[in-house]
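Close look at the chain arrangement
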Amino acid sequence: MSEIVSVSGGPTKPEIIAVSLSKLGLRDGDRFADIGCGTGSVSIEAARITRNLTIYAIDARKEALRATETNFKNFNIENARVLAGEASDILGSGDFVDFIDCAFVGGTKNIGSVLEILVKKKARSIVVNAVRIETVVRTIESMKRLGIFDEVVHISVSRSAPIAGETMFKPENPVYIVVGKTQN
Ligand SMILES: C[S@@+](CC[C@H](N)C(=O)[O-])C[C@H]1O[C@@H](n2cnc3c(N)ncnc32)[C@H](O)[C@@H]1O
């Protein structure tokens, strides 16, 4: 089994991906946007739920896109476009698809504009990961303005670590999972 090639800021921890994807509710045939894809690890897990996804992986950082491309190749991810640039520019450009079904937002720069465009593209389910409380507030406010706010889940995970031949737990950084749903 291949290891994920990493970059700073990623990959998202597997427990956070699991909860985020369960909230997203992907379906066969969905067009899925992984916004701020970093290493592409969320898309890779999404493709385990259904291989029949069209993935749009977007990141503004070249090193992140290089990692995503390598990881998609190593994990045999098909039907994926890896797109370089600011998410609000890419999603809002005339060249981009008219409809997106589900979006995971792991990179929250310009979150208000990104959410607005996703709603215009008829996304039925949007999940945002945030670590900063200000980002959480901005995201909730934007979702409420757009009429899509559903819930926020705060997750703290501790992982086992060896100590003196026994086992202790070390906390991971807590993450807020903000969920938006439309009636589509
Ligand atoms: C925390 S990392 C994402 C980790 C990723 N989910 C993973 O598993 O590797 C956030 C990423 O989002 C990108 N990003 C943040 N805001 C963005 C935006 N508005 N447009 C494009 N990329 C963005 C950053 O460059 C960074 O690579």
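Residues numbered from 1 in each chain as written. Predicted model: local features only at pLDDT ≥ 70, side-chain atom pairs only at ≥ 80, totals over all residues.

1. Observations regarding the nonpolar core
If you look at the biggest cluster of nonpolar residues, it comprises 49 residues, and the most contacted ones within it are Ile58, Ala103, Val114, Leu118 and Ile126. Each residue touching Ile58, except ones within four places of it in the same chain, is listed here: Ala33, Asp34, Ile35, Cys37, Leu83, Ala87 and Ile90. (Core = buried A, V, L, I, M, F, W, Y, C linked by C-beta atoms within 7 Å. Buried ≥ 20, exposed ≤ 12 C-beta atoms within 10 Å, placed from the backbone. Contact = placed C-beta atoms within 7 Å.)

2. A look at helix 3 (residues 62-74)
Relative to the 18 Å expected for 13 residues at 1.5 Å per residue, helix 3 spans 18 Å between its end C-alpha atoms, a close match to the ideal helical length. By the burial criterion, the buried members of helix 3 are Ala64, Leu65, Ala67, Thr68, Asn71 and Phe72. All buried residues of helix 3 lie within an arc of 160 degrees about the axis, which places them on one face of the element. Opposite its buried face, helix 3 presents the exposed residues Lys62 and Lys73, each directed more than 90 degrees away. Buried residues along helix 3 sit in contact with helix 2 (41-49), strand 2 (54-59) and strand 3 (80-84). Of the residues trailing helix 3, Asn76 is marked for its positive phi of about 55 degrees. (Helix = DSSP H or I, 4+ residues; strand = E, 2+ residues; numbered from the N terminus. Expected span 1.5 Å × (residues − 1). Arc of directions from axis to C-beta.)

3. Considerations on the pairing of strand 5 (residues 125-130)
Note on strand geometry: in a regular strand, side chains alternate between the two faces of the sheet. Taking burial as the measure, the six residues of strand 5 include six buried ones, the bulk of the element. Burial along strand 5 is two-sided: the face carrying Ser125, Val127 and Asn129 and the face carrying Ile126, Val128 and Ala130 are both buried. Bridge analysis of strand 4 (residues 102-105) against strand 5 gives four bridges, and the strand direction is parallel. Within strand 5, the residue paired with Cys102 across the bridge is Ser125. On the question of chirality, the crossover connecting strand 4 to the parallel strand 5 by way of helix 5 (residues 111-120) is right-handed. Where strand 5 lies against strand 9 (residues 175-181), six bridges are found, and the strand directions are antiparallel. In the sheet register, Ser125 faces strand 9, and the bridge partner there is Lys181. (Pairing = 2+ DSSP bridges. Right-handed = clockwise from strand over helix to strand, strands pointing away.)

4. Some remarks on the UniProt feature "binding site: S-adenosyl-L-methionine" (unreviewed entry) in the chain
Look at the UniProt record and you will see "binding site: S-adenosyl-L-methionine" (unreviewed entry) annotated at Thr12, Gly36, Cys37, Gly38, Thr39, Gly40, Asp59 and Ala87. Summarising the element assignment, Thr12 is placed in the segment before helix 1 (14-24). When near neighbours in sequence (up to four residues on either side) are disregarded, Thr12 contacts Ile17, Ser41, Val42, Gly106 and Asn129. Along the chain, Asp59 turns up in strand 2. Overall, Asp59 belongs to the buried group, with 30 C-beta atoms counted inside 10 Å. Excluding anything up to four places from it in sequence, Asp59 contacts Gly36, Cys37, Gly38, Ala64, Leu65, Thr68 and Gly107. (UniProt positions renumbered as here; feature names shortened; annotations may be inferred.)

5. Regarding the UniProt feature "domain: Methyltransferase" (unreviewed entry) in the chain
As annotated in UniProt, the feature "domain: Methyltransferase" (unreviewed entry) corresponds to residues 28-99 in the numbering used here. Its end C-alpha atoms 15 Å apart, residues 28-99 is made of 39% helix and 22% strand.

6. Focus on the pairing of strand 4
The alternating pattern of strand 4 places Cys102 and Phe104 on one face and Ala103 and Val105 on the opposite face, and all of these are buried. Examined bridge by bridge, strand 1 (residues 31-35) and strand 4 share four bridges and lie parallel to one another. Directly across from Ile35, in strand 4, lies its bridge partner Val105.

7. Some points on the packing of helix 5 against helix 6 (residues 133-146)
Relative orientation of the contacting elements helix 5 and helix 6 amounts to 30 degrees, with a least axis distance of 9 Å. What the angle tells us is that helix 5 and helix 6 run roughly parallel. By crossing handedness, the relation of helix 5 to helix 6 is classed as right-handed. Along the contact surface, helix 5 presents Ile111, Gly112, Leu115, Glu116 and Val119, while helix 6 presents Thr135, Arg138, Thr139, Ser142, Met143 and Leu146. The residue makeup of the contact of helix 5 with helix 6, split by class, is five nonpolar, four polar and two charged. (Axes fitted to C-alpha atoms, helices over the stretch in contact; angles between N-to-C directions. Parallel < 35°, antiparallel > 145°, perpendicular 65-115°, else oblique. Left-handed = near helix turned anticlockwise from the far one by under 90°. Nonpolar A, V, L, I, M, F, W, Y, C, P; charged D, E, K, R; others polar.)

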